[in-house]
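Topology and contacts: notes
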Amino acid sequence: METAELNPKTIRPNGVSTNGRAVKAAAVKNPRDVSPAAKVWIYIVLTLFSLFAIFPILQVFTISLRPGDKLLSTNLELIPDGATLDAYVTLFTARPFLKWMFNSVLVSLIVTFFSVGLASTAGYAFSRYKFYGRDSGMILLIATQMFPVTMLLLPLFIMLIKLGVYDSYIGLIIAYTATALPFCIWQMKGFYDTIPRSLEESARIDGCSEVQTFWKIVFPLAQPALVITALFSFMTAWSEYLVAAVLVQDQSLFTLPMGLKGFQSDLEVSWGLYSAGAMLVSLPVVILFIALSRYLVSGLTLGSVKE
Amino acid sequence: MSTAESPVEMSADARLASTPPVSPRPTNGLSKTKEKFSAIPYIYAAPSLVVMLAIVLYPFLYNVVVSFSNMNLDHFRDWQFIGLRNYLNVFTDADFYRFFGKTLLWTAINIFFHVTIGVFLAILLNKNIKGKNIFRVFLILPWAVPQYITALNWRGLFNFEYGAVNLILAKFGIAPVQWLSSEWGTFAACCITNIWLGFPFMMIVALGGLQSIPDALYEAADIDGASWYDKLVNITIPLLRPVMIPAITLGVVWTFNNFNVVWLVSNSGQPSDKTHILVSWVYKVGLNYFRIGYAAAFSMVIFLMLLAFGWNFIKKTKATSSVY
């Protein structure tokens, strides 16, 4: 502790010391530096785990490139013999892939719109105010995380049939919003909690009303949380199969997961089509996810409980 | 709601008057001048609460009602209350105990590997090495891929004849495994798939936690001549705990309830409905076999078990949340 207390400014988050090196170098090495031998081991371990992480994805990529007569191959090469984009072409020309994609985008955007819109203000109320129903609201939010899927799906299924709106997107949108909204509110509340109140106090002193303070000061600061929240709710809807399988039977309403699952049922014939579809479905969300992953650490730790 | 005037137009008196209530601090309640009713929080929270009541609480209560009824395909519209019979049936059903055991095993195995792999990789990624951002991207890929696609991919990988897993095992001279046609082979396949899928979450959470531990602590430990083990046990683990415990609690609940992987890897419970966890079984009973009342009671039992498990977590969350 002594070095740190003597010279707190010399220790940067990454452990690089700027001045005072002589003092530190003698006694203390940067705790995040590792010996060359250890470095080799770290690289080996990280490479192995990275291979474990990437391999299944590469395998699907490979299968998507296989020509139709060599789908069932025991070859593990990355680019197969006679690689072809036929599967991708077939998806768009001979299968309703675009239609499924349109349906998926539509449902996902509606769910994102509702979840983010509702959560952005509710999160603020939960973060800043005491109001009647607040505590039970918070408990309801966490309790939903403990619901088994059937807990909402079964009643929803029955009610949709009784109301005669079964086999439409209404059920899907309700189910996905019910899944995404609690998490979104939680996430937004966590983010608002970190915005210093002094900002709002200054705004109020400068004459903003309570409502203006929120919309003009706090809300713009919450952009990163809104982005993450939007991503999560979009992915909730984009990546869901089992609810959709129950609530939608009409082929023209199929979203991507239902379409892809259809290929999977006769693997011998359509493994290539499935794989090509899986690549296309995953690619946009994977890119988005990676691009936003720097927000993830903060977003998640803030969104979760603080002790 | 436009009590708002622009700052310029506001009189000095008005400014002074508006100073005390500036901070709507929930800790003090609304500050003294504001003890009167404020509509703002209700207006902000109401849309969400109304939606939550309509699409979460109402179906939940409906589920409770149905769980006391004999609703099934034969009695879909003319159902009657049958008291606790569904609950009795759940608890006297041998399947319940079999799948409960499997669910516990499934949750324990997954969480163990998620946390150990996740924390281990986070510690490595927290070192000063070149290219760690690239590794980080590779290692969160499993999280980024939609779950159902992951599950379907792995089902292909576990194919006996053409699946990559057996092909790779063959390269090491290991005989191919009947992954998807035996009870425990399928269970293992589900676990491997879900471990692949879940470790990045724990890794990212742990990485966030590690980055918030001041280097000074490790430097001080180095000065005192502490070994890496001492530092792990006395600094890293205790300081990661507050970050990891909520993540693990949520992880347990999510894994307990995660039937995407089980359902899709085992192709709805094959072989012959042996590969199930509680949630996938209740999905099958309710939505494939349409024993609706029974499935509703079954869902309640699962929910109450998780609620009992998570009760402390909920209480703590509530307690902390009112501090802010």
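Model, not experiment: these values are computed from the prediction.

Quick look at the confidence of the model for chain A now. Residue and element names in this part refer to chain A. Per-chain confidence: chain A averages 80 in pLDDT, with 85% of residues scoring 70 or above. Taking the mean pLDDT of every element in chain A, the minimum, 38, falls on helix H1 (residues 2–6) and the maximum, 91, on helix H5 (residues 97–128). Predicted confidence is poor over residues 1–26, with pLDDT under 50, and the contacts of this stretch with residues over four places away or in other chains come to 27 contacts. Segment residues 301–307 is flagged for pLDDT under 50; beyond a separation of four residues in sequence, or across chains, it makes 18 contacts in the model.

Attention now moves to the interface of chain A and chain B. By a frequent convention, interface size equals the accessible area lost on bringing the separate parts together. Contacts between the two partners involve 108 residues from chain A and, on the opposite side, 104 residues from chain B. For the side of chain A that touches chain B, the leading source of residues is helix H3 (residues 36–65) of chain A, giving 13 residues. Among the residues forming the side of chain A that touches chain B, the class breakdown is 68 nonpolar, 24 polar and 16 charged.

Right, let's talk about the environment of Ile173(A) for a bit. All names here are of chain A. Within the fold, Ile-173 resides in helix H8 (residues 169–194). Among the residues examined, Ile-173 registers 20 C-beta atoms within 10 Å and is labelled buried. In sequence terms Ile-173 and Phe-114 are 59 residues apart; their C-alpha atoms lie 9.3 Å from each other. Residue contacts for Ile-173: discarding those within four places in its chain leaves Val-107, Ile-110 and Val-111.

It is worth spelling out unusual backbone geometry at this point. All names here are of chain B. Of note in this structure, Ser-272 is not a glycine but carries a positive phi near 40 degrees. Relative to the elements of secondary structure, Ser-272 occurs in the loop between helix H11 (259–265) and helix H12 (278–287). Classification of Ser-272 by C-beta neighbours within 10 Å gives exposed; the count is 7.

The buried fraction of helix H6 (residues 147–157) of chain B amounts to 11 of the 11 residues, a majority that puts the element mostly inside the structure. Among the residues of H6(B), Gln147(B), Tyr148(B), Ile149(B), Thr150(B), Ala151(B), Leu152(B), Asn153(B), Trp154(B), Arg155(B), Gly156(B) and Leu157(B) are the ones counted as buried.

Reading the values: rules and limits
Residues numbered from 1 in each chain as written. Chains lettered and ligands numbered in written order. Predicted model: local features only at pLDDT ≥ 70, side-chain atom pairs only at ≥ 80, totals over all residues. pLDDT = per-residue confidence, 0-100. Helix = DSSP H or I, 4+ residues; strand = E, 2+ residues; numbered from the N terminus. Contact = placed C-beta atoms within 7 Å. Nonpolar A, V, L, I, M, F, W, Y, C, P; charged D, E, K, R; others polar. Buried ≥ 20, exposed ≤ 12 C-beta atoms within 10 Å, placed from the backbone.

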